Amino acid sequence: MKYTIGITILSSLLFLSACGQEPLVIRSTLEGDQYVRNNIDSFTTDTFNQLMSSEQPVDETDINQLREIISENEQTRYTRYNDELYRYDPAGDLLYYTKWTEENGEYKLAALEFPD
């Protein structure tokens, strides 16, 4: 009985750790935005560029600005139009804009812009 439970736990851990090796496949604009918001603290330029469309690299300044905006604005709201997402603070001020595009069955970040 203990042997069976131990094998089950070990198998589960191996399965879960192997899943972490696979790149995330983003299936929608909102899913991509939520993934970025939840994981921005651990992103490097290379990690973030894996989410980007091949024609749209992002630099460290953009990542840091997005990281700061997300950390300072826990409560936000958004408007989505097709593959564009506008993220606002509670007062209605635009925080950032993203556009996502489908490439080979997964969504990639095609634009990241901040208001002036």
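Every value quoted in this text rests on a predicted model; they were computed, and no experiment measured them.

A. Structural context of the confidence of the model for the protein. Across the protein, the average pLDDT comes to 80, with 78% of residues at 70 or higher. Looking across the protein, the model is least confident in helix 1 (residues 2–19), with a mean pLDDT of 48, and most confident in strand 2 (residues 84–88), with 95. Ignoring residues within four places in sequence, the model shows residues 12–22, a span with pLDDT below 50, making zero contacts including any to other chains.

B. Fine view of the pattern of salt bridges. This structure, assessed with the given rule, holds three salt bridges. Across the pair Asp33 and Arg87 runs a salt bridge, and its minimum N-O distance is 2.2 Å. Linking Asp33 in helix 2 (residues 29–39) with Arg87 in strand 2, this pair joins segments that are 54 residues apart in sequence. Overall, Asp33 belongs to the buried group, its relative accessible area being 2%. In this structure Arg87 comes out as buried when scored by relative accessible area, which is 5%. We note a salt bridge from Glu106 to Lys108, for which the minimum N-O separation is 3.8 Å.

C. A look at the pairing of strand 3 (residues 94–103). Relative to strand 3, strand 2 runs antiparallel, the two being bridged by five bridges. By the bridge assignment, Glu84 is partnered in strand 3 with Lys99. In this structure, the hairpin formed by strand 2 and strand 3 is closed by a connection of five residues, where Gly92 is found at a positive phi of approximately 95 degrees. As paired elements, strand 3 and strand 4 (residues 106–113) share seven bridges and run antiparallel to each other. Directly across from Thr98, in strand 4, lies its bridge partner Leu112.

D. Up close: the packing of aromatic side chains. On inspection of all chains with the given rule, the structure shows three aromatic pairs. With 5.6 Å between their ring centres and 70 degrees between their planes, Phe43 and Phe48 make a pair best called edge-to-face. By the burial criterion, Phe43 is buried, and Phe48 matches it. Ring geometry for Tyr86 against Tyr97: centres 4.9 Å apart, planes inclined by 45 degrees, an arrangement best described as tilted.

E. A look at helix 2. Of the residues making up helix 2, those classed as buried are Thr29, Gly32, Asp33, Val36 and Arg37. Along the axis of helix 2, the buried positions cluster into a sector of 130 degrees, meaning they face one direction only. Where helix 2 is buried, its residues touch helix 3 (45–51), helix 4 (60–72), strand 1 (77–81), strand 2, strand 3 and strand 4.

The rules behind these values
- Residues numbered from 1 in each chain as written.
- Predicted model: local features only at pLDDT ≥ 70, side-chain atom pairs only at ≥ 80, totals over all residues.
- Heavy atoms only, no water.
- pLDDT = per-residue confidence, 0-100.
- Helix = DSSP H or I, 4+ residues; strand = E, 2+ residues; numbered from the N terminus.
- Contact = heavy atoms within 4.5 Å.
- Salt bridge = Lys/Arg side-chain N within 4 Å of Asp/Glu carboxyl O.
- Buried < 20%, exposed > 50% of the residue type's maximum accessible area, 1.4 Å probe, protein only.
- Pairing = 2+ DSSP bridges.
- Phe/Tyr/Trp six-rings, centres within 6.5 Å; stacked < 30°, edge-to-face > 60°.
- Arc of directions from axis to C-beta.

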